[in-house]
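Overview (structure and organization)
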Amino acid sequence: MERAADLETDLLGPVLPGRECGDCTACCSVLTVDTPEFSKPAGVACVHVRGGGCAIHAVRPTICRTWFCGWRRVAAMPDAARPDRSGVLVSLNFVRSPQNCFEGVSINVRLMPGSDAIASGMAAAVLDAVCDRLVPVWVSDGTRKMLMHPDAQVAALVLSGEPAPAALRAEVAAWRERYGMFGSLA
Ligand code: SF4
Ligand code: SF4
């Protein structure tokens, strides 16, 4: 978890009424927290996690009060996709030294340890919900990641700068226009 202005609202949408964390603490364990006030490494439960909640809920750090995962923001994600129930945690991901324009700011669909979301179809449903905007989407399992959106052909054309076939021209141009701000696209 890391804040960059309010990119989460811009790219994922506002926090939705009716979607509550309940006893989910997935983000408290799975994600890196990196703020001046509070930090923890990825994949390690926060020391304040207690039986389905936060032991310091009333005085929890600012980042914990203001950060919400994709399920709390993306209406098209299934209600059943709450991370602790689905095994899928959606968040914005920021890479300080990206290798290409699809890495700097992206949506990360993270399959949590032991997740059966691929077999159950939940991963596909979540991807359907977030691969609908000009924001790159990666799927990761915490150690490896794969670019899912745009698809491989479009991504290769965006990065190479080669002319796109007519059927892909508008899509490639849209990605290049948005991510041209990163300078070299390759
Ligand atoms: S992962 Fe999402 S639903 Fe779960 S505690 Fe964090 S913000 Fe709430
Ligand atoms: S302080 Fe509380 S809300 Fe924040 S990461 Fe730890 S357990 Fe979660």
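Preceding this section is the structure that the text describes.
The subject of this paragraph is the pattern of salt bridges. Across all of its chains, the model carries eight salt bridges by this definition. Where Asp84 meets Arg82, a salt bridge forms, and the shortest distance between an N and an O atom there is 2.7 Å. Since its relative accessible area comes to 5%, Arg82 is described here as buried. Measuring nitrogen to oxygen at the nearest pair gives 2.7 Å for the salt bridge that ties Arg133 to Asp132. Among the residues examined, Arg133 registers a relative accessible area of 22% and is labelled partly exposed. Salt bridges sharing partners connect three or more residues here, namely Asp23, Arg82 and Asp84.

This paragraph deals with the site of ligand 1. All residues in the neighbourhood of ligand 1 are listed as Cys21, Cys24, Ala26, Cys27, Cys69, Trp71, Pro83 and Leu89. More than half of the atoms of ligand 1 fall within 2 Å of the grid points belonging to the largest pocket. A class-by-class count of the residues in the shell around ligand 1 yields eight nonpolar, no polar and no charged.

Where helix α7 (residues 152–160) contacts helix α8 (residues 166–179), the two axes come as close as 9 Å, and the packing angle between them is 55°. On the basis of the axis angle, α7 is oblique to α8. The two elements α7 and α8 cross, and the hand of that crossing is right-handed. Seen from α7, the contacting residues are Gln153, Val154, Leu157 and Val158; seen from α8, they are Leu168, Glu171, Val172, Trp175 and Arg176. Each residue belonging to the contact of α7 with α8 can be placed in one class, and the counts come to six nonpolar, one polar and two charged.

About the criteria used
- Residues numbered from 1 in each chain as written.
- Chains lettered and ligands numbered in written order.
- Predicted model: local features only at pLDDT ≥ 70, side-chain atom pairs only at ≥ 80, totals over all residues.
- Heavy atoms only, no water.
- Salt bridge = Lys/Arg side-chain N within 4 Å of Asp/Glu carboxyl O.
- Buried < 20%, exposed > 50% of the residue type's maximum accessible area, 1.4 Å probe, protein only.
- Near = heavy atom within 4 Å.
- 1 Å grid on protein atoms, 1.4 Å probe; cavity = no way out; pocket = protein on both sides within 12 Å on 5 of 7 lines; lining within 4 Å.
- Sits in = over half its atoms within 2 Å of the grid points.
- Nonpolar A, V, L, I, M, F, W, Y, C, P; charged D, E, K, R; others polar.
- Axes fitted to C-alpha atoms, helices over the stretch in contact; angles between N-to-C directions.
- Helix = DSSP H or I, 4+ residues; strand = E, 2+ residues; numbered from the N terminus.
- Parallel < 35°, antiparallel > 145°, perpendicular 65-115°, else oblique.
- Left-handed = near helix turned anticlockwise from the far one by under 90°.
- Contact = heavy atoms within 4.5 Å.

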